[in-house]
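What the coordinates show
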Amino acid sequence: MFRVGDDFEKIQASRPEFKRDVPVTFSQPPNPSWKQGEGANDGGESLKKNHVEIDPYEEGRPAASNYKLLISGMVPRPIALISTKSKDGKTTNLAPFSYANVINHDPPLFTVGFVGSLDKAKDTLKNLAETEECVINIISEHFVEAANATAINAPYGSSEWEVSGLTQAPSTVVQAARVKESILAIEGKLVETKEFESRSTPGKKSGVLAIIEGVRFWVRDDAINEDKSIVDLKVLKPISRLGGISYGRTTDAIEIPRPQF
Ligand SMILES: Cc1cc2nc3c(=O)[nH]c(=O)nc-3n(C[C@H](O)[C@H](O)[C@H](O)COP(=O)(O)O)c2cc1C
């Protein structure tokens, strides 16, 4: 894995080429004959290991260490590539956010965490708070570099659409465009925001949670089944966020039936 100070281009060049057509395959779970009460499937190996206890605010621990620990440990995370429009309708914005997830389906609800405050909001949050609208686009393998490019720290009003080369497609319910390359895009309306205060710098607002309701789904026609209820993983080929600058692919899956009491 790349670390600050490494010659990234050299490391990248030494790696095998991306295999574009890796199929999604299903294998058996580690212990297909697992019985209730059996616990871990490693024969007790994990119980021989010890843990390091970390107080996130222990003396001398920089806040960045918590950021790095959380983004490398809470993985893989879905990435919401969020499209917004300014209130005056003159500028558009596109940026990725991986403090993001679906939290309910009736109504369809999504959360996104923005680092910073409403006062000094990232462009996406400023637009979302002012217009109460956005489109959440899911990132697939076929446009991962372009999606990553939208994280550029462009000044307010300059559009990441151009930098990325991605294509705007019209939305129905909201003003912001959806990403045409995206297999799954969700038009959303802001439900509420909640600001959080920093623990290391009391008084400073350091994070904003946005709750967004999905009001329209767009699924590419070769990725949705007949009754419009399942998105095909083999077509979606989703990209997730891992630690540092790493992204994950989902090409190997297992199935385990739900337990019945
Ligand atoms: C894959 C990825 C995930 C990211 N996730 C988040 C996130 O969850 N919250 C956040 O505040 N910034 C996140 N960022 C950083 C923002 O994308 C970045 O600050 C961007 O410039 C914001 O754009 P905006 O000011 O146009 O909204 C992420 C960046 C990348 C590359």
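By the naming in an unreviewed UniProt entry, the protein chain is Flavin reductase like domain-containing protein, taken from Aspergillus brasiliensis. As recorded by UniProt, the Sequence similarities (unreviewed entry) comment attached to the protein chain reads in full: "Belongs to the flavoredoxin family." According to the UniProt record, the Cofactor (unreviewed entry) comment for the protein chain reads "FMN".

1. Points about the pairing of strand β4 (residues 100–105)
Across five bridges, β4 lies against strand β5 (residues 108–115) in antiparallel orientation. Each residue of the ladder has a partner; that of V102, found in β5, is F110. Hairpin connection from β4 to β5: two residues lie between these consecutive antiparallel strands.

2. A short note on the site of the ligand
With respect to spatial proximity, 17 residues lie near the ligand, and among them A95, Y99, D123, T124 and A151 are the closest. Counting only elements with at least two residues in the shell around the ligand, the list comes to β3 (92–97), β5 and α3 (123–131). Counting residues per element, the shell around the ligand draws most heavily on β3, which supplies four residues. Of the residues in the shell around the ligand, the class split is eight nonpolar, six polar and three charged.

The rules behind the values
Residues numbered from 1 in each chain as written. Predicted model: local features only at pLDDT ≥ 70, side-chain atom pairs only at ≥ 80, totals over all residues. UniProt positions renumbered as here; feature names shortened; annotations may be inferred. Pairing = 2+ DSSP bridges. Helix = DSSP H or I, 4+ residues; strand = E, 2+ residues; numbered from the N terminus. Near = placed C-beta within 6 Å. Nonpolar A, V, L, I, M, F, W, Y, C, P; charged D, E, K, R; others polar.

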